[in-house]
Amino acid sequence: MLKPLVRTAIHRVTRLGQPILRERTRSLTAKEIKDPSLQRLIDEMAVTMVNYAGVGIAAPQVGQGMSLFLMGFPKKNEDLAEDEKHEEGIELTAVINPKIRIIGSEKEEDWEGCLSVPGLRGLVTRFKKLELSGLNQNGKPFTRRYEGFPARVVQHEMDHLDGKVYLDRMNDLTSLAYTDETVRE
Ligand code: NI
């Protein structure tokens, strides 16, 4: 007998101009977290993120006004261009109802792009270290510290949950560029 073919759906990522990207998200209840539909949404967000070659994805980017994001990227991925390789890899992580606490006052500037603003990138100043707390995919609380690029991804995704995008965080729009116009060594 043939097994039913089950595929996890890939969403079309919402782009700037979709009102949901500018709205504040709502927290998820314990009941919602246990619901199979949320578990399925998390799986779909994971495959969507990988399909779009993103390092993070927030629920509004798949049309859901929920306080939830995913992040994950391989260590020194050889498929990436030299300036997109990241020393610090991170396992695929889903965070529900996240909160951050900035550690110290150190900041750094680096390039950011966003699946909702395809093709562009710009320099954004972010805090260097932070502590992320929230619930994991199973609804269990966790707290983890991040530094450098992963801390940047967390701040970028947290902004999405507040209806913000990285363009709002740029001090100077002159660095904004189409990625494929950027000269690479
Ligand atoms: Ni983004």
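To be clear, the structure that these remarks concern was listed above.
Quick look at the structure, then. (Residues numbered from 1 in each chain as written. Predicted model: local features only at pLDDT ≥ 70, side-chain atom pairs only at ≥ 80, totals over all residues. Heavy atoms only, no water.)

1. A few points about helix α2 (residues 36-51)
Then, number 1: End to end, α2 covers 22 Å across 16 residues, agreeing with the expected 22 Å (1.5 Å per residue, within 8%).
Then, number 2: Three or more residues of α2 are buried, namely Leu38, Leu41, Ile42, Glu44, Met45, Ala46, Thr48 and Met49.
Then, number 3: Looking at the buried positions of α2, the neighbouring elements they touch are α1 (30-34), β1 (56-58), β2 (68-73) and β3 (90-112).
Then, number 4: Positioned one or two residues after α2, Ala53 has a phi angle of 55°, which is positive. (Helix = DSSP H or I, 4+ residues; strand = E, 2+ residues; numbered from the N terminus. Expected span 1.5 Å × (residues − 1). Buried < 20%, exposed > 50% of the residue type's maximum accessible area, 1.4 Å probe, protein only. Contact = heavy atoms within 4.5 Å.)

2. Digging into the coordination of the nickel ion
Then, number 1: Summarising the metal site, the nickel ion is bound by the protein donors Cys114 (SG), His156 (NE2) and His160 (NE2), whose distances to it range over 2.1 to 2.2 Å.
Then, number 2: Along the chain, the residues that donate to the nickel ion are spaced as C-x41-H-x3-H. Taken together, the residues span a long stretch of sequence, with Cys114 in the loop between β3 and β4 (120-135) and His160 in helix α3 (residues 149-161) at a distance of 46 residues. In this pair, the class of Cys114 matches that of His160, namely buried. (Donors = N, O, S within 2.8 Å, 3.2 Å for Na, K, Ca; no water.)

3. A look at the pairing of strand β5 (residues 141-147)
Then, number 1: Relative to β5, β4 is paired through seven bridges, and the arrangement is antiparallel. Looking across to β5, one finds that Leu130 is bridged to Tyr146.
Then, number 2: The antiparallel pairing of β4 with β5 creates a hairpin that spans five residues between the two strands, and Gly139 there sits at a positive phi of about 85°. (Pairing = 2+ DSSP bridges.)

4. Thoughts on the environment of Ile33
Then, number 1: The topology assignment puts Ile33 in helix α1.
Then, number 2: Taking C-alpha positions, Ile33 is 7.3 Å from Asn138, a pair spaced 105 residues apart along the chain.
Then, number 3: Discounting chain neighbours no more than four positions away, the residues touching Ile33 are Leu28, Leu38, Gln39, Ile96, Leu135, Gln137, Asn138 and Gly139.

5. Digging into the packing of aromatic side chains
Then, number 1: Inspection of every chain in the model, using the stated rule, returns one aromatic pair.
Then, number 2: Each ring, one from Phe73 and one from Phe149, has its centre 5.2 Å from the other, and the planes form 75°; the classification is edge-to-face. Of this pair, Phe73 sits in strand β2 while Phe149 sits in helix α3; the two residues are 76 residues apart in sequence, bridging distant segments of the chain.
Then, number 3: Geometry around Trp111 places Arg121 over its ring, the cationic atom sitting 4.1 Å from the centre. (Phe/Tyr/Trp six-rings, centres within 6.5 Å; stacked < 30°, edge-to-face > 60°. Lys NZ or Arg CZ within 6 Å of the ring centre and 35° of its normal.)

6. Focus: the environment of Glu131
Then, number 1: Tracing the backbone shows Glu131 in strand β4.
Then, number 2: C-alpha of Glu131 to C-alpha of Lys99: the two residues are 32 residues apart in sequence and 8.3 Å apart in space.
Then, number 3: When sequence neighbours within four positions are dropped, the list of residues in contact with Glu131 reads Lys99, Ile100, Arg101, Ile103, Thr143, Arg144 and Arg145.
Then, number 4: Side-chain polar atoms of Glu131 contact the side chain of Arg145, separated by 3.3 Å. (Polar contact = N/O pair within 3.5 Å; in protein donor to acceptor, adjacent residues only side chain to side chain.)

7. Quick notes on the pattern of salt bridges
Then, number 1: Counted according to the given criterion, the structure contains ten salt bridges.
Then, number 2: With its nearest N and O atoms 2.9 Å apart, the salt bridge here joins Glu32 to Arg26.
Then, number 3: By relative accessible area, which is 24% here, Glu32 ends up partly exposed.
Then, number 4: Look at Arg26 and you get partly exposed, because its relative accessible area is 42%.
Then, number 5: Ionic contacts of the salt-bridge type, sharing partners, join the residues Glu112, Arg126, Arg152, Asp159 and Arg169 into one network. (Salt bridge = Lys/Arg side-chain N within 4 Å of Asp/Glu carboxyl O.)

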